[in-house]
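# Structural overview for review
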Amino acid sequence: MPRPAADPAPWAVAGGELRSRLILGSGGFADLATFGAALEAAGSDLVTVAMRRIDQAPPGLLDAIHAGGARVLPNTAGCYSADDAITTARLAREALETDWLKLEVIADPVTLLPDPEGTLAAARVLAGEGFRVFAYTSDDPVLGRRLEEAGCAAVMPLGSPIGSGLGILNPHAISLLREAVAVPVVLDAGLGTASDAALALELGCDAVLAATAISRSADPPRMAAAFRHAVEAGHLAAGAGRVPRRRHAQASTPTAGLPDLKPGDGA
Amino acid sequence: MATQEHDGTIGIEANGEPLAVAADATVRDVVAALGADPDERGIAVAVDGAVIPRSAWATTRLAPAQRVEVVRATAGG
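Notes on the structure in this doc start here. (Residues numbered from 1 in each chain as written. Chains lettered and ligands numbered in written order. Predicted model: local features only at pLDDT ≥ 70, side-chain atom pairs only at ≥ 80, totals over all residues. Heavy atoms only, no water.)

### Looking at the packing of aromatic side chains
All names here are of chain A. The final tally for this structure, using the stated rule, is 2 aromatic pairs over all chains. For the ring pair Phe-29 and Phe-35, a centre distance of 5.5 Å and an interplane angle of 70 degrees mean the geometry is edge-to-face. In this structure, Phe-29 and Phe-35 share a single accessibility class: buried. Geometrically, the ring pair formed by Trp-100 and Phe-134 is tilted, given 5.4 Å between the ring centres and 45 degrees between the ring planes. (Phe/Tyr/Trp six-rings, centres within 6.5 Å; stacked < 30°, edge-to-face > 60°. Buried < 20%, exposed > 50% of the residue type's maximum accessible area, 1.4 Å probe, protein only.)

### Here's the deal with the environment of Arg93(A)
Residue and element names in this part refer to chain A. Mapped onto the fold, Arg-93 is located in helix 3 (residues 82-96). Given a relative accessible area of 28%, Arg-93 falls into the partly exposed group. Expressed as a C-alpha distance, the spacing of Arg-93 and Phe-131, which sit 38 residues apart in the sequence, is 8.5 Å. (Helix = DSSP H or I, 4+ residues; strand = E, 2+ residues; numbered from the N terminus.)

### Some thoughts on the layout of surface pockets
Rolled over the atoms, a probe sized like a water molecule indicates the empty space that remains. Computed from the structure, the largest pocket encloses a volume of approximately 530 Å³. For the lining of the largest pocket, the secondary-structure elements that each account for two or more residues are strand 4 (46-53), strand 10 (207-210) and helix 8 (212-215) of chain A together with strand 5 (67-75) of chain B. The dominant element in the lining of the largest pocket, judged by the number of residues it contributes, is helix 8 of chain A, at 3 residues. Residues of the lining of the largest pocket, tallied by class, amount to 14 nonpolar, 12 polar and 5 charged. Empty space within the second largest pocket amounts to approximately 450 Å³. Lining of the second largest pocket is provided by 16 residues; of these, Asp84(A), Thr88(A), Leu91(A), Glu69(B) and Val71(B) occupy positions nearest its centre. For the lining of the second largest pocket, the elements supplying multiple residues, two or more each, are strand 4 and helix 3 of chain A together with strand 5 of chain B. When grouped by side-chain class, the residues that make up the lining of the second largest pocket number 6 nonpolar, 5 polar and 5 charged. (1 Å grid on protein atoms, 1.4 Å probe; cavity = no way out; pocket = protein on both sides within 12 Å on 5 of 7 lines; lining within 4 Å. Points joined across faces, edges and corners; volume = space filled by probe spheres on them. Nonpolar A, V, L, I, M, F, W, Y, C, P; charged D, E, K, R; others polar.)

### Observations regarding the pairing of strand 3 (residues 22-25) of chain A
All names here are of chain A. On strand 3, burial covers both faces: Leu-22 and Leu-24 on one face and Ile-23 and Gly-25 on the other are all buried. Sheet topology places strand 3 next to strand 10; 3 bridges connect them, and they run parallel. Looking at the pairing, Leu-24 lines up with Ala-210 of strand 10. Relative to strand 4, strand 3 runs parallel, the two being bridged by 2 bridges. Note on strand 4: the bridge partner recorded for Gly-25 is Thr-48. (Pairing = 2+ DSSP bridges.)

### Quick notes on the interface of chain B and chain A
For an interface, size is often stated in terms of accessible area lost upon the parts coming together. On the side of chain A, 28 residues touch chain B, which itself brings 25 residues to the contact. Looking at the side of chain B facing chain A, the largest losses of area belong to Arg72(B), Thr74(B) and Gly77(B), adding up to 30% of the total buried there. Linking chain B with chain A are 2 salt bridges. Linking Arg53(A) and Glu69(B) is a salt bridge whose minimum nitrogen-to-oxygen distance equals 2.7 Å. For the pair chain B and chain A, the number of links is 12 residue pairs in polar contact (both at pLDDT 80 or more). Of all the elements in the fold, those that place two or more residues in the side of chain B that touches chain A are strand 3 (43-47), strand 4 (50-52) and strand 5 of chain B. Among the elements that take part in the side of chain B that touches chain A, strand 5 of chain B stands out by supplying 7 residues, more than any other. Its residues assigned to classes, the side of chain B that touches chain A shows 13 nonpolar, 7 polar and 5 charged. (Contact = heavy atoms within 4.5 Å. Buried area = accessible area lost by both parts, 1.4 Å probe. Salt bridge = Lys/Arg side-chain N within 4 Å of Asp/Glu carboxyl O. Polar contact = N/O pair within 3.5 Å; in protein donor to acceptor, adjacent residues only side chain to side chain.)

### Describing the pattern of salt bridges
Counted under the stated rule, the structure contains 12 salt bridges over all chains. As a salt-bridge pair, Glu97(A) and Arg41(B) come within 2.6 Å of each other at their nearest N and O atoms. One end of the pair, Glu97(A), is in the loop between helix 3 and strand 6 (100-103); the other, Arg41(B), is in the loop between helix 1 (27-33) and strand 3, on a second chain. Each member of the pair, Glu97(A) as well as Arg41(B), carries the same accessibility label: exposed. One salt bridge connects Asp39(B) with Arg28(B), and the closest N-O pair in it is separated by 3.2 Å. Remark: Arg28(B) occurs in helix 1 and Asp39(B) occurs in the loop between helix 1 and strand 3; sequence separation between them is 11 residues. A residue is classified by how much of its surface remains accessible, and Asp39(B), at 51% relative accessible area, is exposed. One salt-bridge network, held together by shared partners, links Lys102(A), Glu104(A) and Asp188(A).

### What to know about the side chain of Asn75(A)
The topology assignment puts Asn75(A) in the loop between strand 5 (71-74) and helix 3. Judged by its relative accessible area of 1%, Asn75(A) falls in the buried class. Looking at Asn75(A), its side chain comes within polar contact range of the main-chain nitrogen of Ala77(A), at 3.1 Å. Setting aside its immediate chain neighbours within four residues, Asn75(A) contacts Thr48(A), Val49(A), Ala50(A), Thr88(A), Lys102(A), Glu104(A), Gly76(B) and Gly77(B).

### Let's talk about the packing of helix 4 (residues 116-128) of chain A against helix 5 (residues 141-149) of chain A
Residue and element names in this part refer to chain A. It is at 9 Å that the axes of helix 4 and helix 5 come closest, and there the two elements cross at 20 degrees. In terms of axis orientation, helix 4 runs roughly parallel to helix 5. With respect to the hand of their crossing, helix 4 and helix 5 are arranged in right-handed fashion. Across the interface between the two elements, Pro-116, Thr-119, Leu-120 and Ala-123 from helix 4 touch Leu-143, Arg-146 and Leu-147 from helix 5. (Axes fitted to C-alpha atoms, helices over the stretch in contact; angles between N-to-C directions. Parallel < 35°, antiparallel > 145°, perpendicular 65-115°, else oblique. Left-handed = near helix turned anticlockwise from the far one by under 90°.)

Okay, here's the thing in structure tokens:
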């Protein structure tokens, strides 16, 4: 029997193919060198970027991404309205010559939770303009379906609030969302450590996006490598099929052939 | 209503700051005035919230008080 491929088959999203199931967020790294080392360790071929005024955005990031063999996924981070997100998306497409877009419409600065109405409204407009929308969303299966109907290329449910590191707070909702849509599901936001990424893949997600969990760890390249192994492990486990949960124990060792080891009666 | 100044310049807003530019200044001129190389890839411009394609930078003139945003990709989630 062939061993599972160490280098898994590519997965399809937004009319393209990706090898890695780990999308790397470029935010939060101490410097470009650390980011570059983390990208290499992560093995990611897709990296998110934000759009900012040029005085706040030193050049060099795109070169680092391309040097790592990855493509860019611009986001609309920081947008609190559909209109702002739509304009930011158009700027990103003009600047980066890609129609891939991670759509974020945030409700408020305390929770950073996605605004469902604004996200859906912006997704409809952007999909109509030919964008391949990766929609950041809550873990609501119904909203996921609405985003798919709006033409999104992928839905990106949060595990927990952005930057919280709380992991996947509602695994049941994530698995329901997975069943609710046909487009790829990318677990985004709230991951704290590698096992959270493995769980996401085990729940049926196609990939995860990790930013803070890697960039603000004590050793970003090491954590990036951990996430790389975690998504591969989770994907293999999801395909292997877990055993059912049981209330009571069930021995894996057969009882047949158990030797009789009672002490004898004789002297 | 802002209009042309006596010295032949107009006042616009560029990345949130007031900027005086020649009355016939183009978007490309503003990108350069902000210190960017207009031929650098990876930059995009919006004027009053409308994206101006790079191909139109050299021919798009500005009116007084218009807001110009010049952006580039940077690190982000």
